[in-house]
Amino acid sequence: MDTKSKVRDVLVNLLKVKPDELKDDLTLQESIGVDSTEMVESVIALEKSFGVKLSPKEITKNSTVNDIANNIQSKLAK
Amino acid sequence: MDKIAVTGIGVVSPSGIGKRQLWANIKSGRSFIKEITRFDASKYPSRIAGQIDDLEKYSTISERLLKKIDAFSHMALIASELALQDAGIDIKNEDPSLVGIFLGNAIGGWLYAETELRDMYIEGREGVSPYMASAWFPAAPQGQVSIYYGIKGFSKTVVADRASSLMALGYARKVLAKNKLNMILGGGMEAPVTPYALLCCNTYGALSKDNSHPQEAYRPHDKKRNGFVIGEGSGIVVMESIERAKKRQANILALISGYGTTCDGVDRINSAKDGKELARAINIALVDAKANINEINYISLDGLAVDIWDNSEVLALKEVFGSRIKEIPVSCPKSMFGNLLGASGALDMIIAIQAMEHALVPPTLNLDEPASNGLNYIGKQAKEHTIRKALIISRGRGGINSALVVEKGSNNA
């Protein structure tokens, strides 16, 4: 599975949102109205799932799925 | 103080979800107390309860929200929705700053908390859901209901053990009588059927251990009483001024007309033996309601099925009502579904309102031989009887006494 699909999977399963609500090119705030606690939860779940360290400053309500996938991808490549 | 109208009822209980289902089961005297199946309770001294198994069936709450809240908030959300529907109120048409929420709860949301605490000890800090902080505490349902409907008016959660919800209703009436709000969602919720909460209830030492006969275990005021049985659920009503209710041509189901509360102040767990402070709370409620003892036609008992509590309740009633107590039907319908602790008073009031509507005194299960003489106990058969004014008694650990007077509603009130 590519990084973006895996990011989508993690977020959809964690936040219990419909897959089509979560748009790749919109911010999490815009597409699913994510709240700050959901962001804390998302960062931890993504860290666990990809085995990378992510800071809550890198991944925010204003990140898109594309942004998150690119960020994780670049860390995995190092 | 003004009487306040009750115009909508929402209830989630082991005896049914929604007021019609609840009343059908109450009037026929069916017991819903059974062995706990949610978790392995086999090692607990008391392992029976009034449990709700099919909450999701009645819920429109999204999975996204459900994973953030405890069962007691879920119950309060369903009860609130049912109450608003029953009252014919669309909250979108209300001024949110003039709508309030007054709920009672005794123990908080432990089903959620226990799971997260277990994860904390196994996985460490990061194993704990960030929603834990906002899911477990007693005021969480108030918060969730306010977010769900966008309610922004003066609101409060009352924590006063088993007296919590009756106290919340008493305070809600006071706030409405002062014209501070247009309407209030008032009542309570409790979800104690969890491993830790059940353990705490067990160590309190007042639960019935008659596990082999769940339906006969809870015996309020009976000679063979041996403690109470817990139950879970929520009872929430819509409260508003009579004037507003009439203006919007609402169905006035009942009027809350009096409330009184006192403390025994003698023991950290038990009530006082003499019932004097409970009697004073009842007298305060009667004076507040401008009701004399001859006008009360039904009394809903606290009925903990523990000697000191039941005996002091009888003493208090005899002190207040004198020889008249022999004529007033009294009963304890929670013997059918369990003591909902912080939500028990709200359920008792809701049942009393239904009793008034149907002119039928609800039964008490297992009251085969009263431990005290002189009260007009209604046993396992409901009894036809016109009720104009009812007294509800709800008491909490350490000797918290609360009493509420509720009157039959009509649009001519």
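About the criteria used
- Residues numbered from 1 in each chain as written.
- Chains lettered and ligands numbered in written order.
- Predicted model: local features only at pLDDT ≥ 70, side-chain atom pairs only at ≥ 80, totals over all residues.
- Helix = DSSP H or I, 4+ residues; strand = E, 2+ residues; numbered from the N terminus.
- Rg over C-alpha atoms; globule rule 2.2 N^0.38 Å.
- Buried ≥ 20, exposed ≤ 12 C-beta atoms within 10 Å, placed from the backbone.
- Contact = placed C-beta atoms within 7 Å.
- Pairing = 2+ DSSP bridges.
- Domains from an automatic or database assignment.
- Nonpolar A, V, L, I, M, F, W, Y, C, P; charged D, E, K, R; others polar.
- Axes fitted to C-alpha atoms, helices over the stretch in contact; angles between N-to-C directions.
- Parallel < 35°, antiparallel > 145°, perpendicular 65-115°, else oblique.
- Left-handed = near helix turned anticlockwise from the far one by under 90°.
- Expected span 1.5 Å × (residues − 1).
- Arc of directions from axis to C-beta.

Asker: Before we go on, may I ask you to explain the overall build of chain B in this structure?
Answerer: Tallying secondary structure elements over chain B gives 13 helices and 17 strands in all. Taking 22 Å as the expected radius of gyration for a compact globule of 413 residues, we find that chain B reaches 20 Å, a close match to that expectation. Considering only C-alpha atoms, chain B reaches an extent of 65 × 50 × 40 Å along its principal axes. Residues classed as buried in chain B amount to 57% of the 413 residues present. Restricting to contacts in chain B with at least 6 residues of sequence separation, those with at least 24 account for 80%.

Asker: Would you mind going over the overall build of chain A with me for this structure?
Answerer: Check the secondary structure of chain A and you find four helices and zero strands. In chain A, the succession of α and β elements from N to C terminus is α-α-α-α. Taken over the C-alpha trace, chain A has a radius of gyration of 11 Å; the compact-globule value for 78 residues is 12 Å, and the two agree within 12%. Considered along the principal axes of its C-alpha atoms, chain A spans approximately 30 × 25 × 20 Å. Of all 78 residues assigned to chain A, the portion counted as buried reaches 21%. Within chain A, contacts between residues separated by at least 24 positions form 56% of all contacts whose residues are at least 6 apart in sequence.

Asker: Honestly, the sheet that holds strand β4 (residues 48-50) of chain B in this entry has me stumped. Any pointers?
Answerer: For sheets, the rule is that strands pair by backbone hydrogen bonds, running either parallel or antiparallel. All names here are of chain B. An order of β3-β4-β8 is seen for the three strands of this open sheet, with the pairing classed as mixed. Only two strands of the sheet have a single neighbouring strand rather than two, namely β3 (33-35) and β8 (230-231). Bridge count for β4 against β8 is two bridges, and the pairing is parallel. Bridging from a neighbouring strand, alanine 49 pairs with isoleucine 230 of β8.

Asker: Help me out: how do you make sense of the domain arrangement of chain B in this one?
Answerer: Buried accessible area, meaning the area lost when the parts come together, often serves as the stated size of an interface. Residues and elements named next belong to chain B. Taken domain by domain, chain B consists of domain 1 (4-247) and domain 2 (258-408). Taking only C-alpha atoms, the centre of domain 1 and the centre of domain 2 are 21 Å apart. Contacts between the two partners involve 58 residues from domain 1 and, on the opposite side, 51 residues from domain 2. Secondary structure elements with two or more residues in the side of domain 1 that touches domain 2: β1 (4-13), α1 (19-27), β4, α7 (164-177), β7 (183-190), β8 and β9 (233-241). Looking at the side of domain 1 that touches domain 2 element by element, the count peaks at seven residues for α7. Residues that form the side of domain 1 that touches domain 2 fall into these classes: 26 nonpolar, 19 polar and 13 charged.

Asker: When you look at the interface of chain B and chain A in this model, what are you seeing that I'm missing?
Answerer: Every contact between the two is made by seven residues of chain B and, on the other side, seven residues of chain A. Per-class residue counts for the side of chain B that touches chain A are two nonpolar, one polar and four charged.

Asker: Just checking my understanding: could you explain the packing of helix α11 (residues 276-288) of chain B against helix α12 (residues 307-321) of chain B for this structure?
Answerer: Two measures define how a pair of helices packs: the angle their axes make with one another and the distance between the axes. Residues and elements named next belong to chain B. Packing of α11 against α12 leaves a shortest axis separation of 8 Å and a crossing angle of 45°. What the angle tells us is that α11 and α12 run oblique. Read as a crossing pair, α11 and α12 show a hand that is right-handed. Of α12, the residues touching α11 (which contributes Leu278, Ala279, Ile282 and Asn283) are Ser312, Glu313, Ala316, Glu319 and Val320. Here the contact of α11 with α12 is composed, by residue class, of five nonpolar, two polar and two charged.

Asker: Please clarify how unusual backbone geometry should be interpreted in this entry.
Answerer: The general pattern is negative phi for most residues beyond glycine and trans for most peptide bonds. Residues and elements named next belong to chain B. Despite not being glycine, aspartate 161 shows a phi value in the positive range, around 50°. Within the element layout of this structure, aspartate 161 appears in the loop between β6 (156-158) and α7. Given 22 C-beta atoms within a 10 Å radius, aspartate 161 is considered buried. Of note in the backbone geometry, asparagine 179 takes a positive phi value of approximately 60° without being a glycine. Tracing the backbone through its elements, the reader meets asparagine 179 in the loop between α7 and β7.

Asker: For this particular structure, what's the right way to read the pairing of β9(B)?
Answerer: Every regular strand shows the same layout, with side chains that alternate between the two sheet faces. All names here are of chain B. Burial within β9 is extensive, with eight of its nine residues counted as buried. Pairing geometry for β1 and β9, over eight bridges, is antiparallel. From the neighbouring strand, valine 12 faces β9, where its bridge partner is serine 234. Judged from the eight bridges that link them, β7 and β9 form a sheet pairing that is antiparallel. Along β9, the bridge assignment pairs methionine 183 with glutamate 240.

Asker: Please clarify how α12(B) should be interpreted in this entry.
Answerer: Within an α-helix, residues lying three or four positions from one another point in the same direction, as the helix has 3.6 residues per turn. Residues and elements named next belong to chain B. The first and last C-alpha atoms of α12 sit 21 Å apart over 15 residues, in line with the 21 Å expected at 1.5 Å per residue. Every buried residue of α12 is accounted for by Trp309, Asp310, Ser312, Glu313, Val314, Ala316, Leu317, Val320 and Phe321. Contacts from the buried residues of α12 go to α11, β11 (298-300) and β16 (389-396). Glycine 322, located one to two residues past α12, shows a positive phi value of around 55°.

Asker: What is the right way to look at the environment of B:Val229 in this model?
Answerer: Residue and element names in this part refer to chain B. In this fold, valine 229 is placed in the loop between α9 (214-217) and β8. Measuring from C-alpha to C-alpha, the distance between valine 229 and alanine 206 comes to 8.7 Å, with 23 residues separating the pair along the chain. Among residues more than four places away in sequence, those in contact with valine 229 are Ile33, Ile48, Ala49, Gly50, Leu207, Ser208, Ala217, Tyr218, Gly338 and Asn339.

Asker: Which parts of the structure should I look at to understand the environment of A:Leu11?
Answerer: Residue and element names in this part refer to chain A. When you line up the elements, leucine 11 lands in helix α1 (residues 3-15). On the basis of neighbour count, leucine 11 is assigned to the buried category, with 23 C-beta atoms found within 10 Å. Sequence-wise, leucine 11 and leucine 28 are 17 residues apart; in three dimensions their C-alpha atoms are separated by 9.9 Å. Those residues in contact with leucine 11, other than ones at most four positions away along the chain, are Leu22 and Ser42.

Asker: Would you take a moment to explain helix α4 (residues 65-77) of chain A for this structure?
Answerer: All names here are of chain A. With 13 residues, α4 should reach 18 Å at 1.5 Å per residue; the first-to-last C-alpha distance of 18 Å fits that figure. Those residues of α4 that sit buried are Val65, Ile68 and Ile72. Looking down the long axis of α4, one finds its buried residues gathered within 65° of arc, a one-sided arrangement. Exposed side of α4, more than 90 degrees from the buried face: Ser74 and Ala77 are the residues found there. Tucked inside the fold, the buried residues of α4 contact α1 and α3 (36-50).

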